[in-house]
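Residue-level structure breakdown
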Amino acid sequence: MRTLGWKLAVIVLCGILIELYGRQARPILFSVGLMLIPALFALTILGRFSPAILSCLPAHSLSALLIPLLILAIASSVKRPEPQPPDLWFSFSSEEPDYEHRILATARIRESINPGLYFASIKIHSYDRDLDPSFYGKQWEYAAPPGFRGGPELFASRYENPFLTALSVDSENLYQGCSLRLQVYGRGVPDRPYGGFGDYLRSKGAKSYLRVYNKWHVLESHCPPDFRATLRSRLFDILNRDMSRAAAQVSRAILLGESGWMDRDLKQAARRLGILHLFAASGLHLGIFYGVFFLPIAWKTGRKHPAALFLPLVPCAFYVWTLYFPVSLCRAFVFLTLIAIRSLVHRPVDVYHHLANTALVLLVLDPGAFYSLSGYLSFGAVSGILLFYRPLEQGLFKASHWTTRLLRSQLALSLSATLFIAPLLLWTFKEQPFTAHLSNIIMVPFTGLILPPVYLMVSVQLILPAGLDGPMVQGLHWLWGWVAQLMEGFVWLTRTLSQYSILVEYSGIWNFAFLLSWISILLIFTGTLLRRRRSGGILMRIAFLLMLAGGAVSLLMADQPGQNAFFGQVQEVESR
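Okay, so let's go over this structure. Treat the numbers as computed from the prediction; the structure is a model and nothing was measured. (Residues numbered from 1 in each chain as written. Predicted model: local features only at pLDDT ≥ 70, side-chain atom pairs only at ≥ 80, totals over all residues. Heavy atoms only, no water.)

Here the focus is the overall build of the protein chain. For the protein chain, the helix and strand inventory stands at 23 helices and 10 strands. Relative to the 2.2 N^0.38 estimate, which gives 25 Å for 576 residues, the radius of gyration of the protein chain is 27 Å and therefore close to what a compact globule would have. Taken along the three principal axes of its C-alpha coordinates, the protein chain extends 85 × 70 × 65 Å. Every one of the 576 residues in the protein chain was classed for burial, and the buried ones make up 48%. (Helix = DSSP H or I, 4+ residues; strand = E, 2+ residues; numbered from the N terminus. Rg over C-alpha atoms; globule rule 2.2 N^0.38 Å. Buried < 20%, exposed > 50% of the residue type's maximum accessible area, 1.4 Å probe, protein only.)

Turning our attention to the state of the cysteines. Scanning the model with the defined rule gives 1 disulfide in all. Cys-178 shares a disulfide with Cys-223; S-S distance 2.1 Å. Measuring the twist about the S-S bond at about 120 degrees, one finds the Cys-178-Cys-223 disulfide to be right-handed. Of this pair, Cys-178 sits in the loop between β4 (163-169) and β5 (179-186) while Cys-223 sits in the loop between β7 (218-222) and α7 (227-242), placing them 45 residues apart in sequence. Cys-14 carries a free sulfur, and the closest cysteine sulfur to it, the one in Cys-330, is 18 Å from it. Lacking any disulfide linkage, Cys-316 is separated from the closest cysteine sulfur, that of Cys-330, by 12 Å. Since its relative accessible area comes to 0%, Cys-316 is described here as buried. (Disulfide = S-S within 2.5 Å.)

All right, on to the nonpolar core then. One broad trend across soluble globular proteins is that nonpolar side chains are buried collectively. The biggest cluster of nonpolar side chains holds 88 residues, and the ones touching the most others in it are Leu-29, Val-250, Leu-255 and Phe-279. Among residues more than four places away in sequence, those in contact with Leu-255 are Leu-235, Leu-239, Tyr-319, Leu-323, Leu-451, Val-454, Tyr-455 and Val-458. Grouped together as the second largest cluster of nonpolar side chains are 30 residues, Tyr-118, Tyr-159, Tyr-175 and Val-184 included. (Core = buried A, V, L, I, M, F, W, Y, C linked by side-chain atoms within 4.5 Å. Contact = heavy atoms within 4.5 Å.)

Here the structure, examined in full by the defined rule, presents 13 salt bridges. With a shortest N-O distance of 2.8 Å, Arg-245 and Asp-263 are connected by a salt bridge. Separated by 18 residues along the polypeptide, Arg-245 in helix α8 (residues 245-256) and Asp-263 in the loop between α8 and α9 (264-273) bring together distant segments of the chain. Owing to a relative accessible area of 22%, Asp-263 belongs among the partly exposed residues under this scheme. Between Asp-265 and Arg-495 there is a salt bridge, and its shortest N-O distance comes to 3.7 Å. Separated by 230 residues along the polypeptide, Asp-265 in helix α9 and Arg-495 in helix α20 (residues 471-498) bring together distant segments of the chain. Assessed through its relative accessible area of 28%, Arg-495 is described here as partly exposed. Beyond isolated ion pairs, a larger network of salt bridges with shared partners links Arg-23, Glu-82 and Arg-110. (Salt bridge = Lys/Arg side-chain N within 4 Å of Asp/Glu carboxyl O.)

Now for the environment of Pro-433. Tracing the backbone shows Pro-433 in strand β8 (residues 431-433). Through-space distance from the C-alpha of Pro-433 to that of Thr-447 is 19 Å; in sequence the pair is 14 residues apart. Residue contacts for Pro-433: discarding those within four places in its chain leaves Arg-271, Arg-272, Leu-273, Gly-274, Ile-502 and Leu-503.

Another aspect to go through is the pairing of strand β6 (residues 209-212). Put simply, side chains in a regular strand alternate between the two faces of the sheet. Side chains Leu-210 and Val-212 project from β6 onto a buried face, and the interleaved Tyr-209 and Arg-211 project onto a face without burial. Note that β4 and β6 share 4 bridges and pair parallel. When the bridges of β6 are listed, Ser-168 appears paired with Arg-211. (Pairing = 2+ DSSP bridges.)

Looking now at the environment of Ala-75. For Ala-75, the location among the structural elements is in helix α4 (residues 66-77). Expressed as a C-alpha distance, the spacing of Ala-75 and Gly-33, which sit 42 residues apart in the sequence, is 8.4 Å. Each residue touching Ala-75, except ones within four places of it in the same chain, is listed here: Arg-26, Leu-29 and Phe-30.

Residue position: Ser-168 is located in strand β4. Of the residues examined, Ser-168 reaches a relative accessible area of 11% and is grouped as buried. With sequence-adjacent residues up to four places away left out, Ser-168 is seen in contact with Gly-116, Leu-117, Tyr-209, Leu-210, Arg-211 and Val-212.

You can see Leu-309 is positioned in helix α11 (residues 306-310). For Leu-309, a relative accessible area of 7% translates into the label buried. Separated by 94 residues in the primary sequence, Leu-309 and Lys-215 have C-alpha atoms spaced 52 Å apart. Dropping the residues within four chain positions of it, Leu-309 is found in contact with Tyr-290, Phe-294, Arg-303, Lys-304, Ala-340 and Ser-343.

Moving on, we come to the packing of helix α1 (residues 2-21) against helix α2 (residues 25-47). Direction vectors running N to C along α1 and α2 enclose 150 degrees, while the axes themselves pass 9 Å from each other. Relative to α2, the element α1 lies roughly antiparallel. Between α1 and α2 lies a crossing of right-handed hand. Residues Trp-6, Leu-13, Cys-14, Leu-17, Ile-18 and Tyr-21 of α1 pack against Ala-25, Ile-28, Leu-29, Val-32 and Leu-40 of α2. A breakdown of the residues in the contact of α1 with α2 according to their chemical character gives 11 nonpolar, no polar and no charged. (Axes fitted to C-alpha atoms, helices over the stretch in contact; angles between N-to-C directions. Parallel < 35°, antiparallel > 145°, perpendicular 65-115°, else oblique. Left-handed = near helix turned anticlockwise from the far one by under 90°. Nonpolar A, V, L, I, M, F, W, Y, C, P; charged D, E, K, R; others polar.)

Okay, a nonpolar patch on the surface next. A cluster of nonpolar side chains, contributed by Val-12, Ile-16, Leu-20 and Tyr-21, occupies part of the molecular surface with about 410 Å² of accessible area. Relative to the helices and strands, Leu-20 is located in helix α1. (Patch = residues over 30% accessible without salt bridge, like charges linked within 9 Å, V, L, I, M, F, W, Y side chains within 5 Å. Areas by Shrake-Rupley, 256 points an atom, 1.4 Å probe, with all protein chains shown as cover.)

Between the first and last C-alpha of α4 there are 17 Å, a value that for 12 residues agrees with the 16 Å anticipated at 1.5 Å per step. Listed as buried for α4 are Ile-67, Pro-68, Ile-71, Leu-72, Ile-74, Ala-75 and Ser-77. On its buried face, α4 is in contact with α1, α2, α14 (351-365) and α15 (367-370). (Expected span 1.5 Å × (residues − 1).)

Our focus in this paragraph is the sheet that holds strand β9 (residues 503-505). If you trace the 3 strands from one edge of the open sheet to the other, you get β8-β9-β10, paired in antiparallel fashion. What marks the edges here is a single partner per strand, and that holds for β8 and β10 (569-570). In this structure, β8 lies alongside β9, joined through 3 bridges in antiparallel fashion. If you follow Pro-433 over to β9, its bridge partner there is Leu-503.

Each aromatic ring pair is summarised here by two numbers: the centre-to-centre distance and the angle between the ring planes. Here the structure, examined in full by the defined rule, presents 33 aromatic pairs. Look at Phe-512 and Phe-566: their rings are 6.1 Å apart centre to centre, the planes differ by 70 degrees, and that puts the pair in the edge-to-face class. With a gap of 54 residues between them, Phe-512 in helix α21 (residues 512-529) and Phe-566 in helix α23 (residues 564-567) connect regions that are remote in the sequence. Residue classification places Phe-512 among the buried positions, given a relative accessible area of 13%. Taken together, the aromatic side chains of Tyr-142, Phe-148, Phe-155 and Tyr-159 make up a single cluster linked through ring pairs. In this structure, Arg-192 is placed above the aromatic ring of Phe-90, and the distance from its NZ or CZ to the ring centre is 3.9 Å. (Phe/Tyr/Trp six-rings, centres within 6.5 Å; stacked < 30°, edge-to-face > 60°. Lys NZ or Arg CZ within 6 Å of the ring centre and 35° of its normal.)

Here you go:
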């Protein structure tokens, strides 16, 4: 227990510093780690003579000396602050477009955000003026910008450091490593990000936002050969071959976590149902992907055999690499790897230590991703399942038939997964799909049913050489046609169930659903502590009934004069 406390202390301390200072926390963490080395060394020595001090140290007192090293490793993984864009970058304005001067720059894609929106590293090369404006910018030469004295060589040395920007361009096929030669002028000029989404961009290090168009601003583009891009292109060809546009978009979202490419109406239907988590690459997806390979091997070797435990991690690692290491998949991969290692050395898995160890590994790998909304949601969901699924399943209601046991397990799974993350979701998005638990009872098992054949068929088709033909390939295409029908069924089910969902939007963070989420946490937590008593089960049933009653109360009280601030507004189903 003492060791767990120290692990949690490191996680909380690093989290507070990184949340407060962002990338500026790097030197602070280094200072904390260095100061802890002599302090904990002294405590370790004194602990040999004082039982009181020894009781405050980890179970193995010498392991306290590893804590400063752990903090130093986390500090070294915190990314350095991105250079600020120079004032020259914001010298043009879209409100008063300048077509006689331009900034010549190169943008190198770092990460894709949404269709046509990327994080890009910008390097400024020159500031030019148009020699003859009647030719619409076809003849340019270097000109010293206002306030700068010097030639092109001095200019290049002054602006040699690249900086990060959010780049919007009318091209959805760019990927990490692609470079664009841009002329920034006219109305395609940078601006400082603002608003809620601007906060996200700034948290990633992007202090500017630039919208450009291929026709006017992109002089040249180059994308080097990339195996991941080729693989994704083949995947899209497979998905589009036997599926409707909507089913192909859903498949892309489920397989790659790219929900931004879904149609607005379909994404809205998923939002109403509260199943957007199915379209983000997460532990659910990696767990099913792992099981596709684990079960056949375990059937031959046994569930505890090293081959069954470790061989499926190879395709899982490839899957995580292909998707550019999203934090939710990395969390699931580390989680599975630590379970495999513990099984190999025959050590029991302690839930609390396992969660803490997974968090610490991710902190060392990428602390910025761990302390993000995606990281919080991923860890919050899996922590709720591991800590509260079993008590909830036992406390909801008695079940003797397999159908009622299945219903109870799905209810417990949905409740436990959202227990910790519901307040965060309401605080961030200010909306609550009150029918989410009921829709997840249907959609999560259906997703678990269709994903194994989808993974299997897609993997086989990607392994086969492109252009191969023959009876075996034709048979695969025939089977893939049947699998495609499952995705069509997923789309139909999503659109149908969304017509009966209840989604309430709130104008502020303090609202009825936010209060209800905290009451439910308190009831379930207390019920877990008292689960061996009858009152524990009663408290859990009350929590579940409150969640169901929340939708009814919102339907009655929402949209009433003077009640909108607290009870919100029920979003009507859009007519088709």
